[in-house]
Amino acid sequence: MQSTPRSSALQGYLAALGTVVLWAGFVLVSRLGGQSALTGWDIVALRLGTASLFLLPFSLSIPRSVWLDRRLWALMLTGGLLFLTLVYAGLTRAPAAHGGILLSGCQPFLVTALAWLILGAKPDKERLGGLIAIALGVACVAFPQFSGLHEGPSTVLGDALLLSASTAWALYSVLVRKWVFEPWLLTRVVALGSAAIYLPIYALCLPKNLGAASTSMLVFQGLFQGLGPTIAAMILFLRAVTLLGPQRTGAIVAVVPALVGIGAVVLLGEPLTGWLVAGLALATTGAWLASRPAVPR
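Residues numbered from 1 in each chain as written. Predicted model: local features only at pLDDT ≥ 70, side-chain atom pairs only at ≥ 80, totals over all residues. Heavy atoms only, no water.

**Things to note about helix 9 (residues 183–204)**
Here is the rule we go by: A run of H or I in DSSP counts as a helix once it spans at least four residues, and a run of E counts as a strand once it spans at least two, with each numbered from the N terminus. A helix is expected to span 1.5 Å multiplied by its residue count minus one. For the purposes of these results, a polar contact is taken to be a pair of N or O atoms within 3.5 Å, where, inside protein, one atom must be able to donate a hydrogen and its partner to accept one; residues adjacent in sequence count only when each atom of the pair is a side-chain atom.
The terminal C-alpha atoms of helix 9 lie 32 Å apart, and with 22 residues this matches the ideal 32 Å at 1.5 Å per residue to within 8%. One side-chain oxygen of the residue at the start of helix 9 lies 3.1 Å from the amide nitrogen of Trp 184, identifying that residue as Glu 182.

**Overview of the confidence of the model for the protein chain**
In plain terms, the rule: The quantity known as pLDDT measures the predictor's confidence residue by residue, on a range of 0 to 100.
Model confidence for the protein chain is summarised by a mean pLDDT of 84, while 92% of its residues fall at 70 or above. The element-level mean pLDDT for the protein chain is lowest in helix 11 (residues 246–253), coming to 73, with helix 2 (residues 40–55) highest at 93.

**Observations concerning the nonpolar core**
The line we're drawing: Residue types Ala, Val, Leu, Ile, Met, Phe, Trp, Tyr and Cys, when buried and joined through side-chain atoms within 4.5 Å, form a set referred to as a nonpolar core. Residue exposure (1.4 Å probe, protein chains only): buried if accessible area is under 20% of the type maximum, exposed if over 50%, otherwise partly exposed. Here, residues are in contact when the closest pair of their heavy atoms is within 4.5 Å.
If you look at the biggest cluster of nonpolar residues, it comprises 58 residues, and the most contacted ones within it are Phe 83, Val 87 and Tyr 198. Apart from residues no more than four positions distant in its own chain, Val 87 is found in contact with Phe 26, Leu 103, Leu 162 and Ala 165. Leu 72, Met 76, Tyr 172 and Val 190 belong to the second largest nonpolar core, which has twelve residues in total.

**Side note on the pattern of salt bridges**
So the rule is basically this: Between Lys or Arg on one side and Asp or Glu on the other, a salt bridge is scored when a side-chain nitrogen of the former is within 4 Å of a carboxyl oxygen of the latter.
Following the criterion strictly, the structure yields two salt bridges and no others. For Glu 270, the salt bridge goes to Arg 31, with nearest N and O atoms at 3.5 Å. Residue Glu 270 is located in the loop between helix 12 (256–268) and helix 13 (274–291), and its partner Arg 31 is located in helix 1 (residues 5–35); the two are separated by 239 residues in the primary sequence. For Glu 270, a relative accessible area of 9% puts it in the buried group.

**With respect to helix 2**
The terminal C-alpha atoms of helix 2 lie 23 Å apart, and with 16 residues this matches the ideal 22 Å at 1.5 Å per residue to within 8%. With 13 of its 16 residues buried, helix 2 lies for the most part within the structure.

**What about the environment of Gly 33?**
Here Gly 33 is to be found in helix 1. Residues Gly 33 and Phe 220, 187 residues apart in the sequence, show an inter-C-alpha distance of 9.5 Å. Ignoring anything within four residues of it in the chain, the contact list for Gly 33 reads Leu 38, Ile 43 and Gln 221.

**Regarding the side chain of Arg 31**
Judged by relative accessible area, Arg 31 falls into the buried class, the value being 13%. Polar side-chain contacts of Arg 31 include one of 2.9 Å to the backbone oxygen of Leu 91. The residues touching Arg 31, leaving out its near neighbours within four places in the chain, are Leu 91, Thr 92, Arg 93, Ala 94, Pro 95, Ala 96, Leu 268 and Glu 270.

**Describing the environment of Leu 84**
Along the polypeptide, Leu 84 turns up in helix 4 (residues 70–90). When its relative accessible area of 5% is taken as the criterion, Leu 84 is described as buried. Sequence separation of Leu 84 and Ala 37 is 47 residues, and the distance between their C-alpha atoms is 18 Å. When neighbours within four sequence positions are excluded, Leu 84 is seen to be in contact with Val 44, Arg 47 and Leu 48.

**A few points about the layout of surface pockets**
If a probe as big as a water molecule is rolled over the atoms, it shows which places are left empty. To keep things clear, this is the line we draw: Space inside and on the surface of the protein is sampled on a 1 Å grid over the protein atoms alone, with a cavity defined as a set of points where a 1.4 Å probe fits but cannot get out and a pocket as an open set with protein on both sides within 12 Å along at least 5 of 7 lines; lining residues have an atom within 4 Å of a point. Grid points are joined across faces, edges and corners, and a volume is the space filled by probe spheres set on the points.
Size it by volume and the largest pocket reaches roughly 1900 Å³. Lining the largest pocket are 50 residues; nearest its centre among them are Trp 23, Gln 107, Trp 169, Ser 173 and Phe 237. Per element, the largest residue contribution to the lining of the largest pocket is seven residues, and it comes from helix 10 (residues 215–244).

**Concerning the packing of helix 2 against helix 10**
Here is the rule we go by: Every axis corresponds to a line fitted to the C-alpha atoms, with the helix fit spanning only the stretch in contact, and the corresponding angles, defined between N-to-C directions, vary from 0 to 180 degrees. Left-handed is the label given to a crossing in which the near helix is rotated counterclockwise from the far helix by less than a right angle, and right-handed is the label when the rotation is clockwise.
Orientation of helix 2 relative to helix 10, taken along the N-to-C sense of each, is 65 degrees, at an axis distance of 8 Å. Of the two possible hands of crossing, helix 2 and helix 10 adopt the one that is right-handed. When helix 2 is examined against helix 10, the residues Ile 43, Leu 46, Arg 47, Thr 50, Ala 51, Phe 54 and Leu 55 are found in contact with a partner set consisting of Leu 218, Gln 221, Gly 222, Leu 223, Gln 225, Gly 226, Leu 227, Pro 229, Thr 230 and Ile 231.

**Quick notes on the packing of aromatic side chains**
What counts, and what does not: Each pair of aromatic rings taken from Phe, Tyr and Trp, with Trp reduced to its six-membered ring, is defined by centres within 6.5 Å and is described as stacked if the planes are under 30 degrees apart, edge-to-face if over 60, and tilted in the remaining cases. Either the NZ atom of lysine or the CZ atom of arginine qualifies as a charge over a ring when it sits within 6 Å of the ring centre and within 35 degrees of the ring normal.
Tallying each qualifying case throughout the model produces nine aromatic pairs. On the basis of an interplanar angle of 45 degrees and a centroid distance of 5.6 Å, the ring pair of Phe 54 and Phe 58 is categorised as tilted. Residue classification places Phe 54 among the partly exposed positions, given a relative accessible area of 38%. Given the relative accessible area of 44%, Phe 58 is considered partly exposed. Their ring planes at 35 degrees and their centres at 6.2 Å tell us that Phe 220 and Phe 224 sit as a pair that is tilted. Of this pair, Phe 220 and Phe 224 both sit in helix 10, four residues apart, roughly one helical turn. Relative accessible area serves as the criterion here: at 18%, Phe 224 is assigned to the buried category. A cation over a ring is seen here: Lys 208 above Tyr 202, with NZ or CZ 5.3 Å from the ring centre.

Pasting the structure below:
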């Protein structure tokens, strides 16, 4: 029996809600891992190792020619290795609320800029208000760091790493749009290829602190990071886009920065300053405005 339009829309909104929860949870859980004994290198290894164990049985039939495609290796390096190492390093040095703004909130701004540069897709005027709001939100986060108002350890390095990670993910998104690979294939290749490169280097060369972390933290980080953002969020996001369209889905997902900010205060005990509230509000509003469907002329 086919779903009615109303039930299809409900499924789409539930899928979008699941995406929002998983993407916000990714930032919060990563920050929790960064506050534990685990290093950023450890969390990358747990994520890629768990995802690979799950995806490997579904990937044995991938043709050899796929693994020789240079475009896929470029996507693997930007959306896999580069993004993961930068984001986990950043969340060991900066609050989760900053991650919500600089990772999720900045995406419409960075994707628009890179799409204009790489694809020649000039942004329409309707989106400019949203992009300006995002830029102001980032400025609100940065201002206390450079004005002497910030108390406690500096987060400048962590913020720079998070913004670099966000740029890497935006580049990945634009290249995916340019080259158009099947999502399930891309998910498997990026995860397995990243693991094949990273895990041997991690085992031989990188600092580790797995033994100092509790078993529950290791299991939680491995399962959530490996299965949540890597696989489940992708499936839910694509389902939402299919049923609701990219604009409505993007507008719903735009609440991620605000949800991360609230979760950081409630779950992680992070302080919520006036500048941070303003930054979260501006970034969330800007992301929502930039994701709305264009108004017909």
